[in-house]
Amino acid sequence: MSDRLYAESGVSWAAIGWGPAFALVGALAELATGGPVHGVGWLLVGLALGVITMPWVYARRRFLSLEVTTEQLRQGREKVPAAQIADVTDVGPPVGARVLGGGWSVPRKYDSLPVELADGTVVLAWAKDVEALQDALERLVRATPREA
């Protein structure tokens, strides 16, 4: 069994509730202003906003989540076994380094972390809290036995 060293979910499932919450605020605003309250309309708006948010949440949780365990680094859909990670300190990112997770570039609002693999290639890992990711990967590199 592998222990989790660090994880980011991409987004919380609670984001699905944002639309219905805004619809509730709209209904309460109608109630507070003394005008007619369109309860069915606000219910439909809240339901529609919740439904259209579901694919967005699912996609962010699938493609923008990351996890570092004692066995691997997972970035989106891509998994890198711990034995393949050689170093995360003092690694310079070469121009055109491959981004982990299958994207063309590091996702917006995420910072990159160059990671040297056992074969000498450098790839870019990414996280919102790149210092925590680096700390977790350093612990992983120290704890993983290397083949001679």
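For every chain, the first residue of its written sequence is number 1, and the numbers climb from 1 along that sequence. Restriction of local features to residues with pLDDT of at least 70 applies here, the model being predicted, together with a cutoff of 80 or more for giving and counting side-chain atom pairs; totals for whole chains, interfaces and linings are based on all residues. Each side-chain value is derived from all of the structure's non-hydrogen atoms; neither hydrogens nor water enter the calculation.

## Quick look at the overall build of the protein chain
And then number 1: Counting from the N terminus, the helices are DSSP H or I runs at least four residues long and the strands are E runs at least two residues long. When helices and strands are counted, the protein chain shows three helices and eight strands.
And then number 2: Secondary structure elements of the protein chain, listed N to C terminal, follow the sequence β-α-α-β-β-β-β-β-β-β-α.
And then number 3: Think of it in three bands: residues with accessible area under 20% of the maximum for their type are buried, residues over 50% are exposed, and the middle band is partly exposed, with areas taken using a 1.4 Å probe on protein chains only. In the protein chain, buried positions account for 36% of the 148 residues.
And then number 4: A fraction of 63% describes how many contacts in the protein chain between residues 6 or more apart in sequence connect residues 24 or more apart.
And then number 5: All accessible-area figures derive from a Shrake-Rupley calculation using a 1.4 Å probe, and residue coverage is judged against the displayed protein chains alone. Here the protein chain has roughly 9,200 Å² of accessible surface; of this, 61% comes from carbon and sulfur atoms.
And then number 6: Between the averaged position of the 14 positive side-chain charges in the protein chain and that of its 16 negative side-chain charges there is a distance of 8 Å. A contact between two residues is defined here by any heavy atoms of the two lying within 4.5 Å. We treat Lys and Arg as the positive residues and Asp and Glu as the negative residues; His and chain ends play no part in the count. The atom standing in for a charge is NZ when the residue is Lys, CZ when it is Arg, CG when it is Asp and CD when it is Glu.

## Some words on the nonpolar core
And then number 1: Only buried residues count toward a nonpolar core, which is a set of Ala, Val, Leu, Ile, Met, Phe, Trp, Tyr and Cys residues joined through side-chain atoms within 4.5 Å. Counting 27 residues, the largest nonpolar core has V68, L73, I85, V115, L133 and L137 as the members making the most contacts within it.
And then number 2: Listing elements by their share of this core, those giving two or more residues are β2 (66–69), β7 (111–117), β8 (122–127) and α3 (130–143).
And then number 3: Of the residues forming this core, the biggest block, six residues, is contributed by α3.

## Topic: the sheet that holds strand β6 (residues 98–99)
And then number 1: Strand pairing follows a simple DSSP-based rule, namely that at least 2 bridges must link the two strands. Overall, mixed pairing links the four strands, which are arranged β5-β7-β8-β6 in an open sheet. The two strands at the open ends of the sheet, each matched to only one other strand, are β5 (85–87) and β6.
And then number 2: Contacting β5, β7 and β8, α3 crosses the sheet at an angle of about 15 degrees to β7. To define axes, lines are fitted to C-alpha atoms, for helices over the stretch in contact only, and angles between the resulting N-to-C directions are given on a 0 to 180 degree scale.

## Some thoughts on helix α1 (residues 18–32)
And then number 1: Helix span is expected to be 1.5 Å times the residue number reduced by one. Over its 15 residues, α1 runs 21 Å from end to end, which matches the ideal 21 Å to within 8%, given 1.5 Å per residue.
And then number 2: Regarding α1, the residues found buried are G19, A23, G26, A27 and E30. The buried residues of α1 occupy an angular sector of 95 degrees when the element is viewed end-on, so they sit on one face. Facing away from the buried side of α1 by over 90 degrees, the exposed positions are L24, V25, L31 and A32.
And then number 3: Buried residues belonging to α1 abut α2 (39–63).
And then number 4: Within two residues after α1, G34 carries a phi angle of roughly 85 degrees, on the positive side. Think of the arc as the fan of directions from the helix axis to the C-beta atoms.

## Digging into the side chain of T144
And then number 1: Inspection of the secondary structure assignment puts T144 in the segment after α3.
And then number 2: A distance of 2.6 Å separates a polar atom in the side chain of T144 from the backbone oxygen of L140.
And then number 3: If sequence neighbours within four positions are ignored, T144 has contacts with A82 and A83. Polar contact is the term for a pair of N or O atoms within 3.5 Å; when the atoms are in protein, one must be able to donate a hydrogen and the other to accept it, and sequence-neighboring residues count only if both atoms are side-chain atoms.

## Notes on the pairing of β8
And then number 1: Burial runs high along β8: six of the six residues are buried.
And then number 2: Alternating positions in β8 separate into two faces, V122, L124 and W126 on one and V123, A125 and A127 on the other, with burial throughout.
And then number 3: With two bridges connecting them, β6 and β8 associate as parallel partners. Residue pairing for β8: V99 is matched across the bridge by L124.

## Looking at a nonpolar patch on the surface
And then number 1: To count toward a patch, a residue needs a relative accessible area over 30% and no salt bridge; like charges are then connected within 9 Å, while nonpolar side chains (Val, Leu, Ile, Met, Phe, Trp, Tyr) are connected within 5 Å. For this analysis, a salt bridge means a side-chain nitrogen from Lys or Arg found within 4 Å of a carboxyl oxygen belonging to Asp or Glu. Together, V40, L44, L47, V51, I52 and M54 make up an exposed nonpolar region whose accessible area comes to about 610 Å².
And then number 2: If you trace the backbone, V51 turns up in helix α2.
And then number 3: Taking the relative accessible area as the measure of exposure, V51 reaches 43% and is therefore partly exposed.

Function cannot be inferred from these measures alone, as they are strictly geometric.
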